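# Results of the structural survey
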Amino acid sequence: MTAKKPDAGESARDRLLNAARVLFYNDGIAGTGIDAVVKRAGVAKKSLYNNFASKAELVETYLHLRHDEWLSLYQHRLEAANSPLEGVLAVFLAYEDHAEYAYERGFRGCGLLNAAAELPADAPGRQAVRRHKEQVESILATHLIELTRGDEKRATLLAKHLAFLLEGAMSRAGLEGNGDCVRQARSMAITLMEAL
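As annotated in an unreviewed UniProt entry, the chain carries the name TetR family transcriptional regulator and comes from Rouxiella badensis.

Below, the structure written as C-alpha cells:
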C-alpha cells in the first residue's frame, strides 16, 4: 500500500490498521514488530491493545481487510461486465489491478498468500486466506456455469484450472514486480474459454 500519513481524524484503530497494511505487506508479518506499527500509526502502544487483543488479532483483521479490498476491485470490474465471459475476466482484471497498485516498495505478490506463508498451519489467518481463495474459485465457477450451459461439474473443474492459472500468475508477477504475468494468464484464460 502507498505511504500515507496518519490522519488526525482517523480513529486509532484505523490508523493502526493502515500502518499494519503497509508494514505487513512491505516487511512481512514476522518482520514487523508491534513497535513499528504503533510508530507508523502515530498512536500510543496502549491504543494497540485497546483495539486488538494481540498481534495475531491484528494480523487476522489485516487479512480480512485484504480480502475486502480484493472484493472491491472485483466488484468494480464486474460492474462493466456484460456477459459470463466478462464476469470471469473481471476476476483476472481485479488481480491485475492489485498487481499494478502503487505499493510503497513495489508489488510483492498476493498479500494474502505472502502472509499465509508466514503463519503456522493451524493459524486462524491461514484459514481466512483459504476462504478467500475458495471464494475466488467459487466466483469463477458461478460465471462458468453460465458459459457451460449449466454443466456444474465442468464449470467447477474449469474454475479450479483458472484459479490455479491465476495463482501461478500472481506468484510469478510478485517475483517480477508487475502485472504482466497476470495479463498473460488472462489471455490464456480467454483461449481456454473460447473452446467452450
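Having put the structure on the table, let's press on.
Let us look at the overall build of the chain. Along the backbone of the chain there are nine helices and zero strands. Sequence-ordered secondary structure for the chain, helices as α and strands as β, is α-α-α-α-α-α-α-α-α. A globule of 196 residues ought to have a C-alpha radius of gyration of about 16 Å, and the chain, at 18 Å, matches this closely. Seen along its three principal axes, the alpha-carbon backbone of the chain occupies a region of about 60 × 30 × 30 Å. Out of the 196 residues belonging to the chain, those deemed buried represent 45%. In the chain, the share of contacts with a sequence separation of at least 24, taken over all contacts with a separation of at least 6, comes to 64%.

Taken as a whole and assessed by the stated rule, the structure comprises one cavity of 30 Å³ or more. What the largest cavity holds in volume is close to 40 Å³. Surrounding the largest cavity, F24, Y25, G28, I29, Y62, R108, G111, N114, A115 and E118 form its lining. Among the secondary structure elements, those contributing two or more residues to the lining of the largest cavity are α1 (12–27) and α6 (111–118). Ranked by the residues each element gives to the lining of the largest cavity, the list is headed by α6, at four residues. There are two domains that each give the lining of the largest cavity at least three residues, and those are domain 1 (10–52) and domain 2 (56–195).

Look at the UniProt record and you will see "domain: HTH tetR-type" (unreviewed entry) annotated at residues 10–70. Within residues 10–70, the helical portion is 77% and the strand portion 0%, while the C-alpha atoms at the span's ends are 22 Å from each other.

Here we take up the nonpolar core. The biggest cluster of nonpolar side chains holds 59 residues, and the ones touching the most others in it are V37, W70, V91, L140, L144 and L162. Contributing elements (two or more residues each) for this core: α1, α2 (34–41), α4 (55–78), α5 (84–100), α6, α7 (124–147), α8 (152–176) and α9 (180–194). Of all the elements, α8 adds the most residues to this core, at nine residues. Counting residues domain by domain, this core receives three or more from each of domain 1 (10–52) and domain 2 (56–195).

Attention shifts here to the environment of P84. Examined against the element boundaries, P84 turns out to sit in helix α5. Residue classification places P84 among the partly exposed residues on the basis of a relative accessible area of 21%. Distance from P84 to L165, taken between C-alpha atoms, is 18 Å for residues 81 residues apart in sequence. The residues contacting P84, other than those within four sequence positions of it, are H143, E146 and L147.

Our focus in this paragraph is the packing of aromatic side chains. Under the criterion given, the structure shown has six aromatic pairs. Plain terms: the ring middles of F24 and Y62 are 5.2 Å apart, the flat faces sit at 80° to each other, and that makes the pair edge-to-face. Taken as a pair, F24 in helix α1 and Y62 in helix α4 lie far apart in primary sequence, 38 residues in all. Neither residue differs from the other here; F24 and Y62 are each classed as buried.

Rules used in this analysis
- Each chain has its residues counted from 1, running along the sequence as written.
- Only residues with pLDDT of 70 or above have their local features reported here, since the model is predicted, and side-chain atom pairs are shown and tallied only from 80 upward, although totals for entire chains, interfaces and linings are computed over all residues.
- Excluded from the side-chain calculation are hydrogens and water; included are all heavy atoms of the structure.
- In DSSP terms, a helix is any run of H or I states spanning at least four residues, a strand is any run of E spanning at least two, and both are numbered starting from the N terminus.
- With the radius of gyration taken over C-alpha atoms, the globule rule is written as 2.2 Å times the number of residues to the power 0.38.
- Buried residues are those whose accessible area, probed at 1.4 Å on protein chains only, stays under 20% of the maximum for their type, while exposed residues exceed 50% and partly exposed ones sit between those limits.
- The contact criterion used is simple: two residues touch if any of their non-hydrogen atoms lie within 4.5 Å.
- Using a grid of 1 Å spacing that covers the protein atoms alone, one calls a set of points a cavity when a 1.4 Å probe fits there but cannot get out, and a pocket when the set is open and has protein on both sides within 12 Å along at least five of seven lines; lining residues are those with an atom within 4 Å of a point.
- Grid points are joined across faces, edges and corners, and a volume is the space filled by probe spheres set on the points.
- Marked domain ranges trace back to an automatic or database domain assignment.
- UniProt positions are given in the numbering used here, feature names are shortened, and annotations may be inferred rather than shown by experiment.
- In plain words, nonpolar cores are sets of buried Ala, Val, Leu, Ile, Met, Phe, Trp, Tyr and Cys residues tied together by side-chain atoms within 4.5 Å.
- Note on aromatic pairs: the rings of Phe, Tyr and Trp (six-membered ring only in Trp) are paired at centre separations within 6.5 Å, and the planes decide the class, stacked below 30 degrees, edge-to-face beyond 60, tilted for the rest.

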